[in-house]
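Residue-level listing of the chains:
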Amino acid sequence: MKIPDYVKSQLKEGTCIVCCDEYVICMTEDLPKRTDVNIDFEIDREEGEVVLRNIIYDDPSNPLYLEYFVSKKFVQSISEKGEIEVYFVDANFNQKMKMNIKIDKDDIRLLKRELGIGG
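Let me begin by describing the structure that accompanies this report.

Thresholds, definitions, all that
The residue numbers shown here count from 1 along each chain, following its written sequence. Local features in a predicted model are, by the rule used here, given only for residues with pLDDT of at least 70; side-chain atom pairs are given and counted only at 80 or more, and totals for whole chains, interfaces and linings are based on all residues. The side-chain values count all of the structure's non-hydrogen atoms but skip hydrogen atoms and water molecules. Counting from the N terminus, the helices are the DSSP runs of H or I reaching at least four residues and the strands are the DSSP runs of E reaching at least two. What the globule rule says is 2.2 Å times the number of residues to the power 0.38, and the radius of gyration is computed from C-alpha atoms. Remark: exposure states derive from per-residue accessible area (1.4 Å probe, protein chains only) relative to the maximum for the residue type, with buried under 20%, exposed over 50%, and partly exposed in between. Any two residues whose heavy atoms approach within 4.5 Å are treated as being in contact. The protein chains shown are the only cover counted for residues, whose accessible areas, like all others here, come from Shrake-Rupley with a 1.4 Å probe. Two residue types count as positive, namely Lys and Arg, and two as negative, namely Asp and Glu; His and chain ends fall outside the count. For this purpose, a charge sits on NZ of Lys, CZ of Arg, CG of Asp or CD of Glu. Note on pairing: two strands pair once DSSP finds at least 2 bridges between them. The axes used here are C-alpha line fits, helices contributing only the stretch in contact, and every angle between their N-to-C directions lies in the interval 0 to 180 degrees. Here is the rule for angles: anything less than 35 degrees is roughly parallel, anything more than 145 is roughly antiparallel, 65 through 115 is roughly perpendicular, and the remaining ranges are oblique. Crossing handedness: left-handed means the near helix sits turned counterclockwise from the far one by under a right angle, and right-handed means the same turn made clockwise. Under this grouping Gly is polar, as are all residues other than the nonpolar Ala, Val, Leu, Ile, Met, Phe, Trp, Tyr, Cys and Pro and the charged Asp, Glu, Lys and Arg.

**Some details on the overall build of the protein chain**
Here is step 1: For the protein chain, the count of helices and strands is 3 helices and 7 strands.
Here is step 2: Along its sequence from the N terminus, the protein chain presents helices and strands in the succession α-β-β-β-β-β-α-β-β-α.
Here is step 3: Over its C-alpha trace the protein chain gives a radius of gyration of 14 Å, about what one expects of a compact globule, namely 14 Å for 119 residues.
Here is step 4: The principal-axis extent of the C-alpha atoms belonging to the protein chain is close to 40 × 35 × 25 Å.
Here is step 5: In the protein chain, buried positions account for 44% of the 119 residues.
Here is step 6: Residue pairs in contact within the protein chain that sit at least 24 positions apart in sequence constitute 46% of those at least 6 positions apart.
Here is step 7: Carbon and sulfur atoms make up 44% of the accessible area of the protein chain, which totals about 6800 Å².
Here is step 8: Taken as two groups, the 17 positive and 24 negative side-chain charges of the protein chain have centres that lie 5 Å from each other.

Next up, the structure:
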């Protein structure tokens with residue numbers, strides 16, 4: 001996976017960024033312990049932008065939170081795929097893990113409404 005320089009310059013430990021309007025890159029050493037678990041979605045607004053939060057219940061007493069700003073192009077992309085690809089990288093941008101998060105039609109509809117996208 002090639003990470004563009006503009007993403008590398010913004011990505012810091014403990015953060016996630018949408019890359020190339022297609023997938024999410026998270027720089028963290030806190031990797032999900034399991035990928036076959038429940039994942040909740042929260043949609044929020046910060047500074048006029050839409051924030052998507054994935055809550056991964058890999059450890060029920062300490063779920064993993066991924067939070068990132070989303071764009072219209074990203075939401076269109078995940079709408080077509082029906083999932084969000086998340087890549088976990090270390091501080092040197094080496095891929096440690098990939099996780100596909102299924103997203104249902106209701107969550108997509110909610111995201112589209114927040115972003116003012118028809119359909």
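So, next bit.
**Description of the sheet that holds strand β5 (residues 64-70)**
Here is step 1: Taken together, the 3 strands give an open sheet; going across it, the order is β3-β4-β5, and neighbouring strands pair in antiparallel fashion. The open sheet has two free edges, formed respectively by β3 (39-46) and β5, since each of these has just one partner strand. Along the sheet, successive strands turn relative to each other by an average axial angle of 20 degrees, direction set aside.
Here is step 2: Judged from the 7 bridges that link them, strand β4 (residues 49-56) and β5 form a sheet pairing that is antiparallel. Bridge assignment links I55 to a residue of β5, and that residue is Y65.
Here is step 3: Contacts from helix α3 (residues 105-115) reach β3, β4 and β5, with the element oriented near 5 degrees to β3.

**Comments concerning unusual backbone geometry**
Here is step 1: At C20, a position not held by glycine, the phi torsion is positive, near 60 degrees.
Here is step 2: Mapped onto the elements, C20 comes out in the loop between β1 (15-19) and β2 (23-27).
Here is step 3: With a relative accessible area of 31%, C20 lands in the partly exposed category.

**Some thoughts on the packing of helix α2 (residues 72-81) against α3**
Here is step 1: Relative orientation of the contacting elements α2 and α3 amounts to 160 degrees, with a least axis distance of 10 Å. Classified by the interaxial angle, the pair formed by α2 and α3 is roughly antiparallel. Along this stretch, α2 crosses α3, giving a crossing that reads as left-handed. Together, K72, V75, Q76, I78 and S79 of α2 and I108, L111, K112 and L115 of α3 make up the contact between the two elements.
Here is step 2: Of the residues that constitute the contact of α2 with α3, the class distribution is 5 nonpolar, 2 polar and 2 charged.

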